[in-house]
Amino acid sequence: MEADADADTEDTVVERDWTDGHVERWLPLLPDLDPDVEGAVTRMKLVTSHLRKVREQSLVDFGLQRHEFDTLHALAGRGGRAAPSELAADLDLAPASVTGRLDALEARGHVRRTHSITDRRRIDVELTDAGRATWLGAMDVLGHEEYRLLGALDADERRYLSDLLRRVMVVAEGD
């Protein structure tokens, strides 16, 4: 483990990661490169990629395809019950696409279609206990990894990181 010289004077050891070497390789070639910008952006990409791999593996482990998980997630986000048109809007899909997804999820016992309590002409989709357990299981795997990674920071540091990333996202969303 290599330590940063300035950090040693403060009795703090800073571990190096892959990105440190990446930035060092590019600085001589791109003298205007801001190492802090390159380091932050590269680390955000790598963390996102890592979490994507964990999520994809959890889907495999729970026998879900990505679109099935997304549909269960949207349904869970609506309290476990929604009209197909609401799910289509949440997923930004055509209603026919949602129907196909729901057919497959219903065949696997993850959702059931019932007549609406308020309007018998309307069909609602309901998350079954098995569907909720599968969705929660996949979510739990990713949640544990998120907590593991951000466990390197204390609560104030996590809040500060979240605030900093919010400021970056406000700029990104303003485009």
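Use the structure listed above.
Residues numbered from 1 in each chain as written. Predicted model: local features only at pLDDT ≥ 70, side-chain atom pairs only at ≥ 80, totals over all residues. Heavy atoms only, no water.

Description of the overall build of the protein chain
When its secondary structure is counted, the protein chain shows eight helices and three strands. Reading the protein chain from its N end, one meets helices and strands in the order α-α-α-α-β-α-α-β-β-α-α. Relative to a compact globule of 175 residues, whose C-alpha radius of gyration would be 16 Å, the protein chain shows 22 Å and is clearly more extended. With respect to the principal axes defined by its C-alpha atoms, the protein chain has extents near 70 × 35 × 30 Å. By the burial criterion, 27% of the 175 residues in the protein chain qualify as buried. For the protein chain, contacts bridging at least 24 residues in sequence account for 46% of all contacts bridging at least 6. Of the accessible surface of the protein chain, which amounts to about 12,000 Å², a share of 55% is contributed by carbon and sulfur atoms. Seen as two clouds, the 23 positive and the 36 negative side-chain charges of the protein chain have centres 11 Å apart. (Helix = DSSP H or I, 4+ residues; strand = E, 2+ residues; numbered from the N terminus. Rg over C-alpha atoms; globule rule 2.2 N^0.38 Å. Buried < 20%, exposed > 50% of the residue type's maximum accessible area, 1.4 Å probe, protein only. Contact = heavy atoms within 4.5 Å. Areas by Shrake-Rupley, 256 points an atom, 1.4 Å probe, with all protein chains shown as cover. Lys, Arg positive; Asp, Glu negative; His and termini not counted. Charge placed at Lys NZ, Arg CZ, Asp CG, Glu CD.)

Focus: helix 2 (residues 18-26)
Of the positions making up helix 2, those classed as buried are Thr-19, Gly-21, His-22 and Val-23. In this fold, the buried residues of helix 2 make contact with helix 3 (35-61).

Details of the environment of Phe-69
The residue Phe-69 is located in helix 4 (residues 66-77) in this model. Under the relative-accessibility criterion, Phe-69 is labelled buried at 6%. Sequence separation between Phe-69 and Thr-134 is 65 residues, and the spatial gap between their C-alpha atoms is 8.8 Å. Setting aside residues no more than four positions away along its own chain, Phe-69 makes contact with Leu-59, Leu-64, Trp-135, Ala-138 and Met-139.

Remarks on the pattern of salt bridges
Going through the model one piece at a time under the given rule, you end up with 18 salt bridges. Glu-145 is paired through a salt bridge with Arg-148; the nearest N and O atoms lie 2.7 Å apart. Linking Glu-145 with Arg-148, this pair stays in helix 7 (residues 129-150), spanning three residues, or about one helical turn. Each of Arg-81, Arg-112, Arg-122, Asp-124 and Glu-126 takes part in salt bridges that share partners, so that together they form one network. (Salt bridge = Lys/Arg side-chain N within 4 Å of Asp/Glu carboxyl O.)

Looking at the pairing of strand 3 (residues 123-127)
The buried fraction of strand 3 is high, at four of five residues. In this structure, strand 1 (residues 81-82) lies alongside strand 3, joined through two bridges in antiparallel fashion. For Arg-81, the partnering residue across the bridge sits in strand 3 and is Glu-126. Taken together, the five bridges between strand 2 (residues 111-115) and strand 3 define a ladder with antiparallel strand orientation. (Pairing = 2+ DSSP bridges.)

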